[in-house]
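Chain residues, written in single-letter form:
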Amino acid sequence: MTGSQAGLGMDDSGLGQLVDAFYARIRQDEALGPIFNDAVDDWPEHIGKLTDFWSSVMLGSGRYKGQPVPAHRKHRDRISPALFDRWLALWARTTDEMMLPEVASALQEKAGRIAESLQLALFFRLDGAVRS
Ligand code: HEM
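Rules of the game
Residues numbered from 1 in each chain as written. Predicted model: local features only at pLDDT ≥ 70, side-chain atom pairs only at ≥ 80, totals over all residues. Heavy atoms only, no water. Near = heavy atom within 4 Å. Polar contact = N/O pair within 3.5 Å; in protein donor to acceptor, adjacent residues only side chain to side chain. 1 Å grid on protein atoms, 1.4 Å probe; cavity = no way out; pocket = protein on both sides within 12 Å on 5 of 7 lines; lining within 4 Å. Sits in = over half its atoms within 2 Å of the grid points. Helix = DSSP H or I, 4+ residues; strand = E, 2+ residues; numbered from the N terminus. UniProt positions renumbered as here; feature names shortened; annotations may be inferred. Contact = heavy atoms within 4.5 Å.

Student: Before we go on, may I ask you to explain the site of the ligand in this structure?
Tutor: The local shell around the ligand holds 21 residues, among which K49, Y64, H72, K74 and H75 are the closest. Within the side chain of Y64, an N or O atom sits 2.6 Å from an oxygen atom of the ligand. Measuring from a nitrogen atom of the ligand, one finds a side-chain N or O atom of H72 at 2.8 Å. Mapping the ligand onto the cavity grids shows that it belongs to the largest pocket. Those elements that provide at least two residues to the shell around the ligand are helix 2 (33-39), helix 3 (43-59), helix 4 (68-73), helix 5 (81-98) and helix 6 (101-123). With five residues, helix 3 is the largest single contributor of residues to the shell around the ligand.

Student: What am I meant to see in the UniProt feature "binding site: heme" (unreviewed entry) in the chain here?
Tutor: Annotation from UniProt places "binding site: heme" (unreviewed entry) at H72. Here H72 shows up in helix 4. Contacts of H72, omitting those with residues within four sequence positions, involve I79, L118 and L122. Of note is the side chain of H72, whose polar atom sits 2.7 Å from the backbone oxygen of P68.

Following this line, the structure appears as structure tokens:
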């Protein structure tokens, strides 16, 4: 590490700082930003929910009680597989910049798996077609 801050760990403080920074970037992203800015009225509440989500997923805290699939299904007309790739690329950049290397790769791997299952829930159809 040369002066950058790629040093945060897998704890509530590190995850909280990561989620804050990630959604600040999301909001400014020209493709993803408008979807989030239209959907989310209360950003502190959303960021709190997402911090709980990552704390549950990575630390087993059990704090997140929501249902991600219906939350995304509401916005299915605006979400595409290409946007998932963009989300994951921004997640990779942000975790690489902020987190310890092994923490960043664990977060990237987990996000990749969740993105895959969300996309199956959103786009997979029994006739085998995938909506692009
Ligand atoms: C193209 C990619 C994505 C887009 C555009 C997107 C968009 C959104 C939006 C608009 C909401 C707010 C829903 C609402 O309240 O109306 C939301 C919530 C959420 N997203 Fe995503 N999302 C994406 C990918 C992901 C991924 C990959 C994850 C997890 C790794 C994730 C986790 C969540 C969670 C946990 C919530 C809160 C759901 C709840 O209300 O309990 N999202 N997302």
